[in-house]
Amino acid sequence: MAVVTSEVLNIGFGNVVLGPRIVAILSARSSKDSKAVFSEPMKRLRDEAREAGRLVDATCGRRTQALIVTDSGHVILSAIQSTTLAQRLAGSDEVGERG
């Protein structure tokens, strides 16, 4: 059996995404109103993915901090902040998920 190695991104709570498949990591919150759950464009992206059956919720019931868009058009919700995910993808955070 062949072993396939690929960079994986820990998106929290034991969930991972293949790094090469990620197109974008987006912040779910609006910069104008940090108390809002979703900015309008992110809400629209989430809702369209849900309607198309391409939404994956990996938050384990926590507040959504980031949306990850894959090359297959799937949108993955994560409870980890987008900046943290970007650092992990770049390889600067080698410590496992604490949450």
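A.B. asks: Describe the overall build of the chain, and please don't skip the residues or the numbers.
C.D. replies: Secondary structure assignment for the chain yields two helices and six strands. Looking at the 99 residues of the chain, the share that counts as buried comes to 32%. A separation threshold of at least 6 residues defines the contact pool for the chain, and within that pool the share at least 24 residues apart is 45%. Summed over all atoms, the accessible surface of the chain reaches about 6300 Å², with 50% contributed by carbon and sulfur.

A.B. asks: Explain unusual backbone geometry to me, using residue names and the numbers behind them.
C.D. replies: Phi at Phe13 is positive, roughly 60°, even though this residue is not glycine. If you check the backbone angles, Cys60 has positive phi at about 55° while not being a glycine. Mapped onto the elements, Cys60 comes out in the loop between β4 (55-57) and β5 (66-70).

A.B. asks: How would you explain the environment of Ile68 if you had to name every residue and give the values?
C.D. replies: Among the structural elements, Ile68 can be located in strand β5. Using a relative accessible area of 0% as the deciding quantity, one classes Ile68 as buried. For the pair Ile68 and Ser78, spaced 10 residues apart in the sequence, the C-alpha separation amounts to 7.5 Å. When sequence neighbours within four positions are dropped, the list of residues in contact with Ile68 reads Ile11, Ile22, Ala24, His74, Val75, Ile76, Ser78 and Leu85.

A.B. asks: Any chance you could break down helix α2 (residues 82-90) for me, citing the residues and the numbers?
C.D. replies: Those residues of α2 that sit buried are Ser82, Leu85 and Arg88. Projection of α2 onto a plane perpendicular to its axis shows the buried side chains occupying an angular sector of 120°, all on one side. The secondary structure elements touched by the buried residues of α2 are β1 (8-12), β3 (22-27), β5 and β6 (75-78). Gly91 sits one or two residues past α2 and shows a positive phi near 90°.

A.B. asks: Run through the environment of Asp57, naming residues and quoting values.
C.D. replies: On the secondary structure map, Asp57 appears in strand β4. A residue is classified by how much of its surface remains accessible, and Asp57, at 52% relative accessible area, is exposed. Considered as a pair, Asp57 and Ala79 are 22 residues apart in the sequence and their alpha carbons are 9.3 Å apart. Reaching out from Asp57, the side chain makes a polar contact with the side chain of Thr59 at a distance of 2.6 Å.

Reading the values: rules and limits
Residues numbered from 1 in each chain as written. Predicted model: local features only at pLDDT ≥ 70, side-chain atom pairs only at ≥ 80, totals over all residues. Heavy atoms only, no water. Helix = DSSP H or I, 4+ residues; strand = E, 2+ residues; numbered from the N terminus. Buried < 20%, exposed > 50% of the residue type's maximum accessible area, 1.4 Å probe, protein only. Contact = heavy atoms within 4.5 Å. Areas by Shrake-Rupley, 256 points an atom, 1.4 Å probe, with all protein chains shown as cover. Arc of directions from axis to C-beta. Polar contact = N/O pair within 3.5 Å; in protein donor to acceptor, adjacent residues only side chain to side chain.

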